[in-house]
Amino acid sequence: MENNQLELYKDAFEDLNSILDTSFGAITIADGEGVFTRLSKSCEKMFGAPETEIIGKSAFLLEKQGFFSTSVTCEVIRRNKRVTIIQKTAANKTVLVTGTPIFNKEKKIEKIINISKDITETKKLASDLKRLQTEHEWLKQELLKRTRLERGKVASESPEMKSIIDLIHHIANMDAIVLLLGETGVGKGFMANMIHSISDRKDMPFISINCGAIPESLLESELFGYEKGAFTGASKEGKKGLFETAGNGTVFLDEIGDMPLSLQVKLLHVLDDRKVRRIGGSSSFKVKCRIIAATNKELKELVKNGEFREDLFYRLNVVPITIPALRERKEDLLFLANMFLDKLNTKYKMKKIFSEEAIKALFDYQYPGNIRELENMIERLVINTMGDTIEAEKIYEITEPFQSNSDHQEIIPLKEAVEQLERKLLLSAFQKYKTTRRVAKALKIDQSTVVKKAKKLKLEVHDR
Ligand SMILES: Nc1ncnc2c1ncn2[C@@H]1O[C@H](COP(=O)(O)OP(=O)(O)OP(=O)(O)O)[C@@H](O)[C@H]1O
């Protein structure tokens, strides 16, 4: 070889070494058998071993020894073509590596050139980013939920209420009929309002009607409206019904269990056809509002007794939500008690607080009237307490059985009155005697009867 040519080869060789050593990625060269012949400097860092431990060694051997998870050199030989893989190295790096075969004239692999890029950081950044994005999304949802909850000041410390609130958010923008169930004062009206206020219908009207409090004929015209001169006494201009007035808003049919049977069938037609015709009218219009119904009655019982149409029950029972009694979710009690106290302190410009004993007394009570009763009780406590601290005695005064205006009892069906009396008696017996055995002794009935009745009334019983 001429001197000149030799110099040129030497130069080229030095250039190649410089390229290998200054390149960002690690470059390895192996022969057709997969034995490493050359490495760039950065390989040492990437593979966690000096050049001397790699040069002259077979990639198959190194793969076996766990030097890298899968060797791209071996893969190139196995597949006889260019391969790109992600590799884990002994230095715990994640490496993106491409192996390119160089074929000789006989189409046999003569060399394999591998170029690796350390993507440990990139991968970590990508997974960090994904985690942050998930966290961000979660926080956004929580914040949204909390802002909405804050706006409505909803008690949702108990797991039962938490899942109800989640469900309410889930169905807020679905048009399905919601049926809210639960004892009086548990917050059915409150929840109906909340569903509306977190839905896209929030800027439309929320129209509520108590189906049990209005005489039948009036209820019909309130619900469906009437044309002018539809009946004697009808207004000259006619009147829009609630479904019409609500437009794209929400109609809340409270105490649906008290709706007269004749109107139940008319309501069923409205729900089936999504159309309403005013009384005395000839044309009908589309019902676009969302419908929420509520009752504190056992609708299934009413259906059994023929007081509620079965078909209407199934029509309404699409998304039934039972709001538990306050005594079944005592976690919400302190939140509510403090919230009402704060509200009243602001209203009356006071700074009242509960004593520790008072809080205990609040927890011991069973609240047959639920949140409404708690709210009224706290107002009475605030008004009747002279100092700044509300004491337990004041609570006992209020919760003492039968003291609430028994002289002015409203006239109700005997069966209902007996049930109410039984409930009150059991509640106060449990408050006083705590265990079913002692309650049974005091009421002079069997313990098993007490257990059965307590279960029926969903009383919280601690048999210590
Ligand atoms: N989760 C809640 N957070 C805060 N206040 C509540 C909550 N639920 C109900 N309330 C309050 O409790 C009171 C009673 O609620 P609401 O009238 O909605 O009960 P209800 O179940 O509809 O009663 P009824 O069956 O007698 O009509 C209301 O003053 C309401 O604002």
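Definitions and limits used
Residues numbered from 1 in each chain as written. Predicted model: local features only at pLDDT ≥ 70, side-chain atom pairs only at ≥ 80, totals over all residues. Helix = DSSP H or I, 4+ residues; strand = E, 2+ residues; numbered from the N terminus. Buried ≥ 20, exposed ≤ 12 C-beta atoms within 10 Å, placed from the backbone. Contact = placed C-beta atoms within 7 Å. Pairing = 2+ DSSP bridges. Axes fitted to C-alpha atoms, helices over the stretch in contact; angles between N-to-C directions. Expected span 1.5 Å × (residues − 1). Near = placed C-beta within 6 Å. Nonpolar A, V, L, I, M, F, W, Y, C, P; charged D, E, K, R; others polar. Domains from an automatic or database assignment. Parallel < 35°, antiparallel > 145°, perpendicular 65-115°, else oblique. Left-handed = near helix turned anticlockwise from the far one by under 90°. Core = buried A, V, L, I, M, F, W, Y, C linked by C-beta atoms within 7 Å. Arc of directions from axis to C-beta. pLDDT = per-residue confidence, 0-100.

The name an unreviewed UniProt entry assigns to the protein chain is HTH-type transcriptional regulatory protein TyrR, from the organism Cytobacillus oceanisediminis.

J.: Report on the overall build of the protein chain, specifying residues and quantitative values.
T.: Secondary structure summary: the protein chain contains 19 helices and 16 strands in total. Looking at the protein chain as a whole, 28% of its 464 residues qualify as buried. In the protein chain, once contacts between residues fewer than 6 apart in sequence are set aside, the share between residues at least 24 apart is 62%.

J.: Let's hear about the sheet that holds strand E10 (residues 250–254): which residues, and what values?
T.: Taken together, five strands build an open sheet; the order of strands is E7-E10-E13-E6-E14 and the sheet is parallel. Edge positions in the sheet fall to strand E7 (206–210) and strand E14 (319–322), since each has one partner strand and no second. Along the sheet, successive strands turn relative to each other by an average axial angle of 20 degrees, direction set aside. Where E7 and E10 come together, five bridges link them in parallel fashion. Residue pairing in the sheet places serine 208 in a bridge with phenylalanine 252 of E10. Across the face of the sheet, helix H7 (residues 188–198) comes into contact with strand E6 (178–181), E7, E10 and strand E13 (290–295) while running at roughly 165 degrees to E13.

J.: Summarise the sheet that holds strand E1 (residues 26–31); cite the residues concerned and give the values.
T.: An order of E2-E1-E5-E4-E3 is seen for the five strands of this open sheet, with the pairing classed as antiparallel. Either end of the sheet is taken by a strand with one partner, and the two such strands are strand E2 (36–39) and strand E3 (83–88). Taken over all neighbouring pairs, the strand axes of this sheet differ in orientation by 25 degrees on average, direction set aside. Sheet analysis places E3 next to strand E4 (residues 94–103), joined by six bridges and oriented antiparallel. Along E4, the bridge assignment pairs isoleucine 85 with valine 97. Of the strands in this sheet, E1, E3, E4 and strand E5 (109–118) touch helix H4 (residues 72–79), which is tilted by about 150 degrees from E3.

J.: Which residues make up helix H1 (residues 3–22), and what are the values?
T.: Across its 20 residues, H1 extends 28 Å between first and last C-alpha, which sits within 8% of the 28 Å expected from 1.5 Å per residue. Across the 20 residues that make up H1, only a small minority, zero, are buried.

J.: Can you break down the site of the ligand residue by residue, with the values?
T.: Taken together, 17 residues surround the ligand, and among them Gly187, Lys188, Gly189, Phe190 and Ile371 come closest. Taken together, the elements giving at least two residues each to the shell around the ligand come down to H7 and helix H15 (370–384). Considering only residue class, the shell around the ligand consists of six nonpolar, six polar and five charged. Two domains each donate at least three residues to the shell around the ligand, and these are domain 2 (174–324) and domain 3 (325–399).

J.: Any chance you could break down the packing of helix H17 (residues 414–433) against helix H18 (residues 436–443) for me, citing the residues and the numbers?
T.: The relative placement of two packed helices comes down to the angle between their axes together with the axis-to-axis distance. Here H17 crosses H18 at 120 degrees, and the two axes come no closer than 9 Å. The angle between the axes of H17 and H18 places the two elements in the oblique class. Judged by the sense of rotation from one axis to the other, the crossing of H17 with H18 is right-handed. On the side of H17, the interface is formed by Ala429, Phe430 and Tyr433, while H18 contributes Arg438, Val439, Ala442 and Leu443. Looking at side-chain class alone, the contact of H17 with H18 contains six nonpolar, no polar and one charged residues.

J.: Let's hear about the nonpolar core: which residues, and what values?
T.: Of all hydrophobic cores here, the largest spans 62 residues; its most connected members are Leu180, Ile195, Phe243, Val251, Ile292, Ala293 and Leu374. Each of domain 2 (174–324) and domain 3 (325–399) contributes no fewer than three residues to this core. Filtering out sequence-adjacent residues up to four positions away, alanine 293 remains in contact with Ile177, Leu179, Leu253, Ile256 and Leu316. Residues Ala26, Cys43, Met46 and Ala59 belong to the second largest nonpolar core, which totals 20 residues.

J.: Break down helix H14 (residues 356–364) for me, citing the residues and quoting the values.
T.: Along H14, the positions that sit buried rather than exposed are Ala358, Ala361 and Leu362. Here the buried residues of H14 occupy an arc of 105 degrees about the axis, which is enough to place them on one side. Across from the buried face of H14, at angles greater than 90 degrees, the exposed residues are Glu356, Lys360 and Phe363. Among the structural elements, helix H13 (331–348), strand E15 (353–354), strand E16 (389–390) and helix H16 (392–399) are those in contact with the buried residues of H14.

J.: Explain the packing of H13 against H15 residue by residue, including any values.
T.: At a closest axis distance of 10 Å, the pairing of H13 and H15 adopts a crossing angle of 45 degrees. Relative to H15, the element H13 lies oblique. In this structure, the crossing between H13 and H15 has a hand that is right-handed. On H15, the residues that touch Leu336, Ala337, Phe340, Leu341, Leu344 and Tyr348 of H13 are Ile371, Leu374, Glu375, Ile378, Glu379 and Val382. Its residues placed into classes, the contact of H13 with H15 shows 10 nonpolar, no polar and two charged.

J.: Residues and numbers for the environment of threonine 120, please.
T.: On the secondary structure map, threonine 120 appears in helix H5 (residues 120–152). Between the C-alpha atom of threonine 120 and that of asparagine 92, which follows or precedes it by 28 residues, the distance is 8.6 Å. In this view, threonine 120 contacts Lys93 and Thr94; residues no more than four positions away in its chain are not counted.

J.: Summarise the environment of isoleucine 390; cite the residues concerned and give the values.
T.: Mapped onto the elements of the fold, isoleucine 390 is located in strand E16. A sequence separation of 38 residues divides isoleucine 390 from lysine 352, and the C-alpha atoms of the two residues are 6.8 Å apart. Every residue in contact with isoleucine 390, bar those within four places of it in the chain, is listed here: Lys352, Ile353, Phe354, Ser355, Ala358, Leu381 and Thr385.

J.: Provide a residue-level description of the confidence of the model for the protein chain, including the pertinent values.
T.: When the pLDDT values of the protein chain are averaged, the result is 86; 91% of them are 70 or greater. In the predicted complex, the global pTM is 0.60; the interface-specific ipTM is 0.97.

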